[in-house]
Amino acid sequence: MNTILCACVLLICVVVCDGYGKIVPYGQCVKSCAPHQPIWIKKMYRYCIKNGDCVYCKYFGCPEVQECKRRRQVIPPVPTIDRNCMVCPGTCVYTGKTYKKKDRFKSFDQVNECECNSSGRVRCSTEHHPEPKKFCGV
């Protein structure tokens, strides 16, 4: 599903932005160069890297909410901290996937490490940044 959403984002960007010559598709990313800013899309997360005057962003949709249970009782999902998606309590959303507290996983850039903390936030190291070609799959 994320592939379809990403394709839609790129199609929207091509139709809406390409005429300005500053926001264009770049592999799996949308490339925005100064003075233009990356676009925000409701119900989607954006993860970006910067290189010179340009920003390269990947977009991911919200995961489907599974039935939430606590001590064998069904409980309602809660909004994420940014109110973008609905998730089970005690989980985090990152790159369109749901993680449990204390789960460790690769960052969106496939270089740094992340962890889902107890407050529902994802914390990632930022020691290394990939080149746009590698990040965007070009």
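Residues numbered from 1 in each chain as written. Predicted model: local features only at pLDDT ≥ 70, side-chain atom pairs only at ≥ 80, totals over all residues. Heavy atoms only, no water.

## Let's talk about the overall build of the protein chain
Here is the rule we go by: What counts as a helix is a DSSP run of H or I of at least four residues, what counts as a strand is a run of E of at least two, and both are numbered from the N terminus. Two residues qualify as a contact provided that any one of their heavy atoms is within 4.5 Å of a heavy atom in the partner residue. In short, Shrake-Rupley with a 1.4 Å probe defines the accessible areas, and a residue's cover is counted only from the protein chains shown.
The secondary structure content of the protein chain amounts to 2 helices and 13 strands. By sequence separation, contacts in the protein chain at least 24 residues apart represent 35% of the contacts at least 6 residues apart. Split by element, the accessible area of the protein chain, about 9000 Å² in all, is 53% carbon and sulfur.

## Structural notes on the pattern of salt bridges
Rule in force here: For salt bridges, the criterion is a side-chain nitrogen of Lys or Arg within 4 Å of an Asp or Glu carboxyl oxygen. Each residue is assigned to one of three classes by its accessible area relative to the maximum for its type, calculated with a 1.4 Å probe on protein chains only: buried under 20%, partly exposed between the two thresholds, exposed over 50%.
One pass over the full model with this rule turns up 3 salt bridges. Glu 67 serves as the salt-bridge partner of Lys 69, at 3.6 Å between the closest nitrogen and oxygen. Overall, the relative accessible area of 56% leaves Glu 67 in the exposed class. As a salt-bridge pair, Arg 104 and Glu 115 come within 3.1 Å of each other at their nearest N and O atoms. With Arg 104 in strand 11 (residues 104-106) and Glu 115 in strand 12 (residues 113-116), this residue pair connects regions lying 11 residues apart in the sequence.

## Overview of the pairing of strand 1 (residues 23-26)
Selection rule: We call two strands paired when DSSP finds no fewer than two bridges between them.
Of the pairings in the sheet, the one linking strand 1 to strand 2 (residues 29-33) comprises 4 bridges and is antiparallel in character. When the bridges of strand 2 are listed, Pro 25 appears paired with Val 30. Between strand 1 and strand 2, which pair antiparallel and follow one another directly, the connecting turn spans 2 residues, one of which, Gly 27, has a positive phi of 65°.

## Digging into the sheet that holds strand 4 (residues 54-61)
Threshold: A fitted line through C-alpha atoms serves as each axis, taken over the contacting stretch for helices, and the angle formed by two N-to-C directions is quoted from 0 to 180°.
If you walk across this open sheet you meet the 4 strands as 1-2-4-3, and the pairing is antiparallel. Strands with a single pairing partner mark the edges of an open sheet, and in this sheet they are strand 1 and strand 3 (44-51). The mean inter-strand angle of the sheet, taken between neighbouring strand axes irrespective of direction, is 30°.

## Structural notes on the side chain of Arg 46
Going by this rule: Under the rule applied, a polar contact is a pair of N or O atoms within 3.5 Å (in protein, one hydrogen donor and one hydrogen acceptor; residues adjacent in sequence only if both atoms are side-chain atoms).
Looking at the secondary structure, you find Arg 46 in strand 3. A distance of 3.0 Å separates the side chain of Arg 46 from the backbone oxygen of Pro 38, its partner in a polar contact. Among the polar contacts listed, one links the side chain of Arg 46 to the backbone oxygen of Ile 39, at a separation of 3.5 Å. In this structure, Arg 46 is in contact with Pro 38, Ile 39, Trp 40, Cys 57, Lys 58 and Tyr 59, ignoring residues within four places of it in sequence.

## Here's the deal with the sheet that holds strand 11
As summarised here, the arrangement of the 3 strands in space is 11-12-13, forming an open sheet in which the pairing is antiparallel. In the strand order of this sheet, the two ends are held by strand 11 and strand 13 (122-124), each with one partner. Within the sheet, the average angular offset between the axes of one strand and its neighbour, ignoring direction, is 30°.

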